[in-house]
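# Secondary and tertiary structure notes
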Amino acid sequence: FAINVAGLKTVIDAALSRGLRRVVYLSSANVYARSTESISESDPIAPESYYAHTKRMAELLLEAYGSAVECCVLRVFTVYGGGQRGMLVARLLGSVERGEPLRLDPAGDLLLSPVYVDDVCTAVRRILDSPPKPGWRVFNVGGPEMLSIEGLATVVGTLFGRSPVFEKASPATALPVGWAASTEKMRLELGWAPQENFPSGL
């Protein structure tokens with residue numbers, strides 16, 4: 001909360017006091033309700049975790065300031081890249097490399113659209129280079145694929161030349177559900193699209 005909400009208010013107030021015209025905030029896909037399909041900016045909001053709730057609070061704070069300074073929210077979907085530690089893709093790399101079994105939820109796999117860090121940086125740059133537009137705007141920033149954990153691990157396995165080991169208590173009872181991005185709005189309004197698919201990003 002101190003970083004995601006109170007810290008953001010400090011940044012906005014500093015921007016206003018110095019006459020800056022735009023604030024860009026990196027939010028999270030986790031503010032959305034989970035879905036079996038790609039998620040657009042108009043889809044339902046339903047944060048589940050404390051982290052996701054603070055990201056949503058930050059978005060509402062930015063919306064409140066939208067009449068005073070341009071506020072752009074980028075909802076980032078499963079970012080990964082070199083040097084990352086402790087996050088999903090980094091953990092998958094380690095588990096597959098070590099041959100550790102990956103447990104798949106029998107209730108249904110998790111659906112994601114991982115986005116390479118360079119593509120996220122390009123999205124931020126595209127916002128910064130665009131003409132000022134007063135108000136509050138939201139864009140999804142995600143990768144080009146919709147992949148389950150099983151699918152992600154299978155791609156990782158090709159990197160190491162080995163098949164990942166899965167633990168399946170029973171066949172999945174539902175389709176994969178989670179946070180996969182539709183980036184159509186970003187493409188249409190700002191000409192941005194992810195350049196790296198998951199295999200090339202790895």
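Numbers given to residues run from 1 along each chain, matching the order in which its sequence is written. Two thresholds apply to this predicted model, a pLDDT of at least 70 for residue-level local features and 80 or more for giving and counting side-chain atom pairs, whereas whole-chain, interface and lining totals are computed over all residues. Hydrogens are left out, water is left out, and the side-chain values use all remaining heavy atoms of the structure.

Another aspect to go through is the sheet that holds strand β2 (residues 38-39). Taken together, four strands build an open sheet; the order of strands is β2-β11-β6-β9 and the sheet is mixed. At either margin of the open sheet sits one strand with a lone partner, and together these are β2 and β9 (147-148). We call two strands paired when DSSP finds no fewer than two bridges between them. Strands are runs of DSSP state E lasting at least 2 residues, helices are runs of H or I lasting at least 4, and numbering of each runs from the N terminus. In this structure, β2 lies alongside strand β11 (residues 177-181), joined through two bridges in parallel fashion. Across the sheet, the residue bridging to S38 is A180, located in β11.

Attention now goes to the nonpolar core. Nonpolar side chains in soluble globular proteins tend to be buried together. Joining through side-chain atoms within 4.5 Å is the link that ties buried Ala, Val, Leu, Ile, Met, Phe, Trp, Tyr and Cys residues into a set, and such a set is a nonpolar core. The cut-offs for exposure are 20% and 50% of the maximum accessible area for each residue type, with area from a 1.4 Å probe on protein chains only; residues under the lower value are buried, those over the upper are exposed, and the others partly exposed. The biggest cluster of nonpolar side chains holds 22 residues, and the ones touching the most others in it are Y32, F77, L92, I149, L152, W179 and F198. For this core, the secondary-structure elements that each account for two or more residues are α3 (88-98), β5 (102-104), α5 (149-160) and β11. With five residues, α5 is the largest single contributor of residues to this core. In this description, contact between two residues means that some pair of their heavy atoms is separated by no more than 4.5 Å. Look past the residues within four positions of W179 in its chain and what remains in contact with it is A29, N30, Y32, A33, R34, I39, E48, F77, L110, L111, L112 and S113. With 13 residues, the next largest nonpolar core counts V23, L62, C71 and V73 among its residues.

Quick look at the packing of helix α1 (residues 2-17) against helix α2 (residues 50-65) now. When two helices pack together, their arrangement is given by the angle between the helix axes and the distance between those axes. In this analysis, axes come from line fits to C-alpha atoms, helices being fitted only over the stretch in contact, and the angle between any two N-to-C directions falls in the range 0 to 180 degrees. The contact between α1 and α2 brings their axes to 9 Å, and the two run at 20°. Compared by their axis directions, α1 and α2 come out roughly parallel. Here α1 and α2 pass one another in a crossing that is right-handed. Only Y51, T54, K55, M57, A58, L61, L62 and Y65 of α2 make contact with α1, whose side of the interface consists of N4, V5, L8, K9, I12, D13 and L16. Throughout this entry, Asp, Glu, Lys and Arg are counted as charged residues, while Ala, Val, Leu, Ile, Met, Phe, Trp, Tyr, Cys and Pro are counted as nonpolar. The remaining residues, Gly among them, count as polar. Among the residues making up the contact of α1 with α2, the classes are represented as 10 nonpolar, two polar and three charged. Orientation is classified from the angle alone, with under 35 degrees giving roughly parallel, over 145 giving roughly antiparallel, 65 to 115 giving roughly perpendicular, and any other angle giving oblique. Here is the rule for handedness: rotate from the far helix to the near one, and if that takes an anticlockwise turn smaller than a right angle the crossing is left-handed, while a clockwise turn gives right-handed.

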